[in-house]
Amino acid sequence: MTVETLIKPDAAPAASSAAGTAAASNPASLDIQAAATAALSEVLESYEAKVFKNRKKHLIQVDHTLETPQEITANTRTIPGILSHRGCCYAGCKGVVLGPIKDALVITHGPIGCAFYTWGTRRHKASTEEGKLNLVPYSFSTDMRETDIVFGGEKKLFKAIEEGLALFSPQPAAVLICSTCPVGLIGDDIHAVAARAEAQFGVKCIAFSCEGYKGVSQSAGHHIANNQLIRRVIGETDDKPSSRFTVNLLGEYNIGGDGWETERILTRCGIDVLAVMTGNGTVADISRAHTADLNLVQCHRSINYIAEMMQDQYGMDWIKVNFIGTKGVAKSLRAIAAYFDDAELSARVEEVIASEEAEIAEELAYYRERLTGRTAALYVGGSRSHHYQNLLRELGMSTVIAGYEFAHRDDYEGREVMDSIKVDADSKNIEELHLEPVEGKYRLRFSPEKLEELKASIEGLDYYEGMIKEMDNGTLMIDDLNHFETEEFVRALQPDVFFSGIKDKYVLQKGGTLSRQLHSYDYKGPYAGYAGAVNFAHDLLMGLTVPAWQMITPPWKREPLLQGEMLASTGEEE
Amino acid sequence: MLDATPRGEVAERSALTINPCKTCQPVGALYAALGVHGTMPHSHGSQGCVSFHRMFLTRHFKEPAMASTSAFTEGASVFGGGANLKTAVRNIFDLYDPEIIAVHTTCLSETIGDDLHSFLSDIEIPEGKRVIYCSTPSYQGSHITGFSSMAAGFVEHMAQKSDVPSGRLAVIPGFVNPGDMRKIKSYLEEFRINYTLLPDTSGVLDAPMTGEFEMFPKGGTRAADVVRLGDAHFTLALGQWASEAAANALQRKHGVQYATLPLPIGVRATDEFISALSGYSKHPVPASIEEERGQLIDCMLDAHQYLDKRRVAIAGDPDHVLRLTEFCLELGMSPVYVGTGTPGGHFEERVAEVLARFDVDPETVWFKSETDYFEIHQRIIQEPVDLLLGPSLFKQVARAEDIPLVRVGFPILDRYVHPYLPLVGYEGAMRLLRDMADALMDRLDRDCDDKDLEFVM
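Q: In this structure, what is going on with the overall build of chain B? I would like to understand it.
A: Of regular secondary structure, chain B possesses 17 helices and 14 strands. A globule of 457 residues ought to have a C-alpha radius of gyration of about 23 Å, and chain B, at 22 Å, matches this closely. Across the 457 residues of chain B, 64% fall into the buried class. In chain B, 75% of the contacts between residues at least 6 apart in sequence involve partners at least 24 apart. Here chain B holds 41 positive side-chain charges and 62 negative ones, and the gap between their average locations is 3 Å.

Q: How should the overall build of chain A be read in this particular structure?
A: A tally of regular secondary structure across chain A gives 24 helices and 14 strands. On C-alpha atoms alone, chain A measures out to a radius of gyration of 25 Å, which is about the 25 Å that the 2.2 N^0.38 rule sets for 574 residues. Based on the C-alpha atoms only, the size of chain A along its principal axes is roughly 95 × 65 × 50 Å. For chain A, the proportion of its 574 residues judged to be buried stands at 61%. Per element, the accessible surface of chain A, about 22100 Å² overall, is 53% carbon and sulfur. Averaged over its 57 positive side-chain charges, chain A has a centre that lies 3 Å from the centre of its 81 negative ones.

Q: Could you clarify how one ought to interpret the layout of surface pockets in this entry?
A: Taking a probe equal in size to a water molecule and rolling it over the atoms shows the remaining empty space. Residue and element names in this part refer to chain A. A volume near 900 Å³ is recorded for the second largest pocket. Along its surface, the second largest pocket is lined by 35 residues, and H408, I421, V423, S427 and E432 are the ones closest to its centre. Broken down by secondary-structure element, the contributors of at least two residues to the lining of the second largest pocket are α10 (218-232), α13 (300-314), α17 (409-413) and α18 (425-428). With six residues, α13 is the largest single contributor of residues to the lining of the second largest pocket. Class assignment of the residues belonging to the lining of the second largest pocket gives a composition of twelve nonpolar, eleven polar and twelve charged.

Q: What's the story with the interface of chain A and chain B in this structure? I'm lost.
A: For interface size, the figure often reported is the accessible area lost on association. If you look at the interface, chain A gives 77 residues, while chain B gives 76 residues. Taking both sides of the interface into account, the surface hidden between chain A and chain B amounts to around 6500 Å²; carbon and sulfur atoms contribute 65%. Summed over the three residues of chain A that lose the most area to chain B, namely Y117, W119 and K510 of chain A, the buried surface amounts to 13% of that side. Our count for the contact surface shared by chain A and chain B stands at four salt bridges. A salt bridge links E370 of chain B to R145 of chain A; the shortest N-O distance between them is 3.0 Å. Summed over the shared surface of chain A and chain B, the result is 31 residue pairs in polar contact (both at pLDDT 80 or more). In terms of residue class, the side of chain A that touches chain B is built from 38 nonpolar, 24 polar and 15 charged. Taken together, the two bridges between strand β3 (residues 140-141) of chain A and strand β1 (residues 17-18) of chain B define a ladder with antiparallel strand orientation. When the sheet's bridge partners are listed, S141 of chain A is paired in β1 of chain B with T17 of chain B.

Q: I keep staring at the sheet that holds strand β10 (residues 375-380) of chain A and nothing clicks. Help me out?
A: Backbone hydrogen bonds hold the strands of a sheet together, and the pairing may be parallel or antiparallel. All names here are of chain A. Spatial ordering of the open sheet is given by β1-β12-β11-β10-β13-β14, a layout of six strands whose pairing is mixed. Every other strand in the sheet has two partners, leaving β1 (59-61) and β14 (514-517) as the edge strands with one partner each. For this sheet, the mean angle separating the axes of adjacent strands, direction not counted, is 15 degrees. As paired strands, strand β11 (residues 398-404) and strand β12 (residues 476-479) are joined by four bridges and run parallel to one another. Its bridge partner lying in β12, Y404 is registered against D479. Contacting β1, β11, β12 and β13 (497-500), helix α20 (residues 483-493) crosses the sheet at an angle of about 170 degrees to β12.

Q: What exactly am I supposed to notice about the side chain of E375 of chain B here?
A: All names here are of chain B. Among the structural elements, E375 can be located in helix α15 (residues 373-382). Judged by its relative accessible area of 7%, E375 is buried. Only 2.8 Å separates the side chain of E375 from the side chain of K368, close enough to count as a polar contact. The residues contacting E375, other than those within four sequence positions of it, are V10, R13, W366 and K368.

Q: I tried to follow the packing of aromatic side chains on my own but got confused; where do I start?
A: Each aromatic ring pair is specified by the distance between its two centres and by the angle formed by the two planes. All told, the structure shown has 36 aromatic pairs over all chains when counted by the stated rule. Ring geometry for Y404 of chain A versus Y412 of chain A: centroids 5.1 Å apart, planes at 55 degrees, classification tilted. Comparing Y404 of chain A with Y412 of chain A, the two get one shared label, buried. With centroids separated by 5.2 Å and ring planes inclined at 35 degrees, the aromatic side chains of F147 of chain B and F175 of chain B adopt a geometry described as tilted.

Q: Where do I start with the sheet that holds strand β4 (residues 174-179) of chain A in this structure?
A: A sheet is described by the order of its strands in space; here five strands give the open sequence β5(A)-β4(A)-β2(A)-β3(A)-β1(B), paired in mixed fashion. One side of each edge strand has no neighbouring strand; the edge strands of this open sheet are β5 (204-208) of chain A together with β1 of chain B. Sheet strands touched by helix α4 (residues 89-98) of chain A: β2 (104-109), β4 and β5 of chain A. Its angle to β4 of chain A, the strand with the most contacts, is close to 155 degrees. Seen against the sheet, helix α9 (residues 190-201) of chain A touches β2, β4 and β5 of chain A and runs at an angle of roughly 175 degrees to β5 of chain A.

Q: Help me understand a positive patch on the surface, please; the structure alone is not making it clear to me.
A: All names here are of chain A. Taken together, the side chains of K53, K56, K57 and K422 make up a positively charged region of the molecular surface. Counting through the fold element by element, K53 comes out in helix α3 (residues 49-55). Using a relative accessible area of 58% as the deciding quantity, one classes K53 as exposed.

Q: Can you walk me through empty space enclosed by the protein in this structure?
A: Residues and elements named next belong to chain A. In total, this model carries eleven cavities of 30 Å³ or more according to the counting rule given. K94, G99, L135, V136 and Y138 are the residues nearest the centre of the second largest cavity, which is lined by 13 residues in total. Classifying every residue of the lining of the second largest cavity gives eight nonpolar, four polar and one charged.

Q: What exactly am I supposed to notice about the side chain of N134 of chain A here?
A: Along the polypeptide, N134 of chain A turns up in the loop between α5 (112-117) and β3. Here T128 of chain A takes part through its side chain, which lies 3.0 Å from a polar atom of the side chain of N134 of chain A. Those residues in contact with N134 of chain A that lie beyond four places of it in its chain are K102, A126, S127 and T128 of chain A together with A4 of chain B.

Q: Looking at this structure, I do not really get unusual backbone geometry. What am I missing?
A: Note: most peptide bonds trans; most residues except glycine with negative phi. Each neighbour pair has its own omega, and for G525 of chain A with P526 of chain A the value is 0 degrees, a cis peptide bond. Relative to the assigned elements, P526 of chain A resides in the loop between β14 and α22 (529-545). Along the chain, L198 of chain B connects to P199 of chain B via a cis peptide bond; the corresponding omega equals -10 degrees. For P199 of chain B, the location among the structural elements is in the loop between β7 (195-197) and α9 (223-227). Even without glycine at this site, N254 of chain A takes up a positive phi of about 60 degrees. For N254 of chain A, the location among the structural elements is in the loop between β6 (246-252) and α11 (258-269). The backbone of E370 of chain B shows a phi angle near 55 degrees, a positive value even though the residue is not glycine. Within the fold, E370 of chain B resides in the loop between β12 (366-368) and α15.

Q: What exactly am I supposed to notice about the pattern of salt bridges here?
A: Close approach of charged atoms lets side chains of opposite charge pair. Residues and elements named next belong to chain B. Inspection of the entire model under this criterion finds 75 salt bridges over all chains. Among the salt bridges present, the one from E427 reaches K183, with a minimum N-O distance of 2.9 Å. Placement of the pair is E427 in helix α17 (residues 425-447) and K183 in helix α8 (residues 178-190), with a sequence separation of 244 residues. The class of E427 is partly exposed, set by a relative accessible area of 32%.

Q: In this structure, what is going on with the packing of helix α7 (residues 143-158) of chain B against helix α10 (residues 240-254) of chain B? I would like to understand it.
A: All names here are of chain B. Packing of α7 against α10 brings their axes to within 7 Å, and their N-to-C directions diverge by 20 degrees. Classified by the interaxial angle, the pair formed by α7 and α10 is roughly parallel. The crossing of α7 and α10 is right-handed. Taken together, the residues of α10 that come into contact with α7 (itself represented by I144, F147, S148, A151, A152, V155 and E156) are W241, A242, S243, A245, A246, A249, L250, R252 and K253. In terms of residue class, the contact of α7 with α10 is built from eleven nonpolar, two polar and three charged.

Q: Could you clarify how one ought to interpret the pairing of strand β7 (residues 272-278) of chain A in this entry?
A: For a regular strand, side chains alternate in direction, first toward one face of the sheet and then toward the other. All names here are of chain A. Burial analysis of β7 places six of its seven residues in the buried class, the great majority of the element. Pairing analysis gives five bridges linking β6 to β7, with the strands arranged parallel. Directly across from E252, in β7, lies its bridge partner T278. One crossover worth recording links β6 to the parallel β7 by way of α11, and it is right-handed.

Q: What exactly am I supposed to notice about a nonpolar patch on the surface here?
A: A cluster of nonpolar side chains, Y523 of chain A together with Y416, V417, Y420 and L421 of chain B, forms an exposed patch at the surface whose accessible area comes to about 470 Å². Of the residues examined, Y523 of chain A reaches a relative accessible area of 35% and is grouped as partly exposed.

Reading guide: rules and limits
Residues numbered from 1 in each chain as written. Chains lettered and ligands numbered in written order. Predicted model: local features only at pLDDT ≥ 70, side-chain atom pairs only at ≥ 80, totals over all residues. Heavy atoms only, no water. Helix = DSSP H or I, 4+ residues; strand = E, 2+ residues; numbered from the N terminus. Rg over C-alpha atoms; globule rule 2.2 N^0.38 Å. Buried < 20%, exposed > 50% of the residue type's maximum accessible area, 1.4 Å probe, protein only. Contact = heavy atoms within 4.5 Å. Lys, Arg positive; Asp, Glu negative; His and termini not counted. Charge placed at Lys NZ, Arg CZ, Asp CG, Glu CD. Areas by Shrake-Rupley, 256 points an atom, 1.4 Å probe, with all protein chains shown as cover. 1 Å grid on protein atoms, 1.4 Å probe; cavity = no way out; pocket = protein on both sides within 12 Å on 5 of 7 lines; lining within 4 Å. Points joined across faces, edges and corners; volume = space filled by probe spheres on them. Nonpolar A, V, L, I, M, F, W, Y, C, P; charged D, E, K, R; others polar. Buried area = accessible area lost by both parts, 1.4 Å probe. Salt bridge = Lys/Arg side-chain N within 4 Å of Asp/Glu carboxyl O. Polar contact = N/O pair within 3.5 Å; in protein donor to acceptor, adjacent residues only side chain to side chain. Pairing = 2+ DSSP bridges. Axes fitted to C-alpha atoms, helices over the stretch in contact; angles between N-to-C directions. Phe/Tyr/Trp six-rings, centres within 6.5 Å; stacked < 30°, edge-to-face > 60°. Patch = residues over 30% accessible without salt bridge, like charges linked within 9 Å, V, L, I, M, F, W, Y side chains within 5 Å. Parallel < 35°, antiparallel > 145°, perpendicular 65-115°, else oblique. Left-handed = near helix turned anticlockwise from the far one by under 90°. Right-handed = clockwise from strand over helix to strand, strands pointing away.

In structure tokens:
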């Protein structure tokens, strides 16, 4: 291993990679560009007129040489029958945002399936603390039956809350009720039931009308969850933390322990994490989140509403961070330090970056040497398809396809496009809150002028740049990638690895392409932070080099068996 | 683990299910549909349903589980999903070209009263292709009844009767793994029986690694064979919950007589299956099968002292749970908690029958349908057991109470290879016996004093 293969830790905040530069420096990418162009038109040509018209706006070949930024269509209806990988509103609300809150009794009001499928299947890890409640290992459902559908399920829901509250000690900090498809259709008023239960049992009961059919994907559920958390939980308790630099970690679900690794790094820098939304999180912490100094946003899609609404209500700024990849971590830490503008903190951050990077430099170099030149495809949700491009680049790899399941245009193109996003019938049904400053709790850290100044120097302050700016020219950016497109693009671009979810994992593996799940980390991780970068590189190299790949074709199919020929000829002679 | 579960008295619950021991019908329907060659299972509901179901099946089988959805929006939920289904059918045939689209409903489409029959009669279906459907509202039954409804759906919509008997035995294998289906077929073949297994997920959800992804793998019951089921000679339904509906549909529609047998897990249940095959085929039981049975009994005698009176808690799906209970009794073990989440089918009476066969006082065993893992755990806290038998969902209890778990049934999300290897038949029983004895004996080795650790046991 040579010194040259080491990644030099940047002394200054890394400039966002100049678009197209990486592509130009990689000769192989010229082929990728041509192959992507050809594959794109081939895929679209295969569609019948209506599907063609719809899909063509979701498929972008990145071209930074154009004068006007490219626009993608996103967050629109899934085409029936196309084999999308998207989930539903309930999955986004209960599965993603509320599920990880460990001191809440999260009751799914509906037939059994929805609660069953979101039980222990997402890897949002939660630790049990002495004397405290951890309900993450449990799944609660009203298991609605036909009679409940016919006569209404409100009574059963009320009784379920009563039974749940009677069981646990200490008492759950809140009851969170999530509705499933039939609930909205039969008109069960879960909000009224929640209010009655709250009055009777003295425990905060919050209803989430997150019926699966709402919106066009998980995304609607994120928004619904965000709305209720800001309305009913955040801002409820005011005990301000004593530490100097306190942040909330938003959109960190502690998959595979990512949140713990992130927290470890922040704590080492002297930055205290008050509330995590929502990995390993608690209602108790979330209710005083507004007393922190700054919000950090990891997964932009699922939680940006809260970041924005906390700004409106409490004047809190937020920074879009990325704790995936060492450069992402360093950039994020430096942005936080710059925001707090404290010499001691900045020095500490630099110390931590240097020490953490040094600790893993050799290992990372080992993997980089072995992974350099390989290509990847990323099809995940949230912000992962963006975040991981940075880490892959650090490992010498390039991303040829990147897409999101349930993103909006701002996740692709940056928040500057938000005002120009057309609101369609499906998004109109998801409540948009416009909140006023809360009296006595609204505090601005900086004057508007100073804030503008900071925004110019701190990347990600109250802003997310989106994914496309960091993608290479000629690569594909795809919204709501479906099975047909996956097969076609993989055939054309032959990525060495496809990072995706469980539904297409074995499709890819069967076809001879390594697939690593990037929702669940394939039951490994953490992948965040410094240790995470090494874990990720290790798992990737392991997957690429597992001996079984070499054994797929049996020896007798690779070369004719000499013995077989001899026997055949013996037969003829006889 | 499960630290919040109260360790005191078991509280009765009537409204709140905690840690369910069943899931909803559509996932079973999807699984059954994958067992007919060239079929695209289609979920008529919100897209989240099929996303969950594909996740569940893929995690169990570690194989692609392809299925499509009508992707209801709020509008479709108000105005009906007819237009969505029409679009879906067109797109599926256009892009993926299956022979059959097998539609199942969801709680959403059932609640709004979508009429699939009338929708489908308005949809143009390409020449030589079929769209069949079954009704699987999630607020009825469980994944097991969903499987049974889809198996029956194939019969209802496809089976025809001609003037020419096929001379075939129709076999409905139950909600079992592809490895089980292979074993069932090997028995049928040993008796040289001309059969149709419906559904048959072997070769679909245990397809080999070849370097080529196939949307419709080689396995699965052929459509032509499903069509000919009306001409079958007789039907064997293996397992009351998962299989009887299809056999019944075939009798109702085409007069094919049937018998419902227990899922062939354990000695007696397999004996019954083998005897039925012998009776049907009028072939004596082949020596190879008798040898296999003899090997099992031999092993049971060999290992008996490590299994005798071991207290077992069994959870999962009713057809499985009944037979596991029986096999434990055959081994001289004591099943003390027996539960399923699936409602209906007189589960408790069936368990009582099994207990009676072994002169076990039913008062000494807790057995219940429509239970959940939380309740079973609470019972175990009151009086512990030596072994747990059930799917991966039991592992929290296993850890909380430090009890070994032998994984059986659906889903097994956290271990590999299981779907490939049968639990049915004498061979399957031998595997179960080995796994249970291993689990108990590993504990002995782990927990005994140094002075007591022995090579020979």
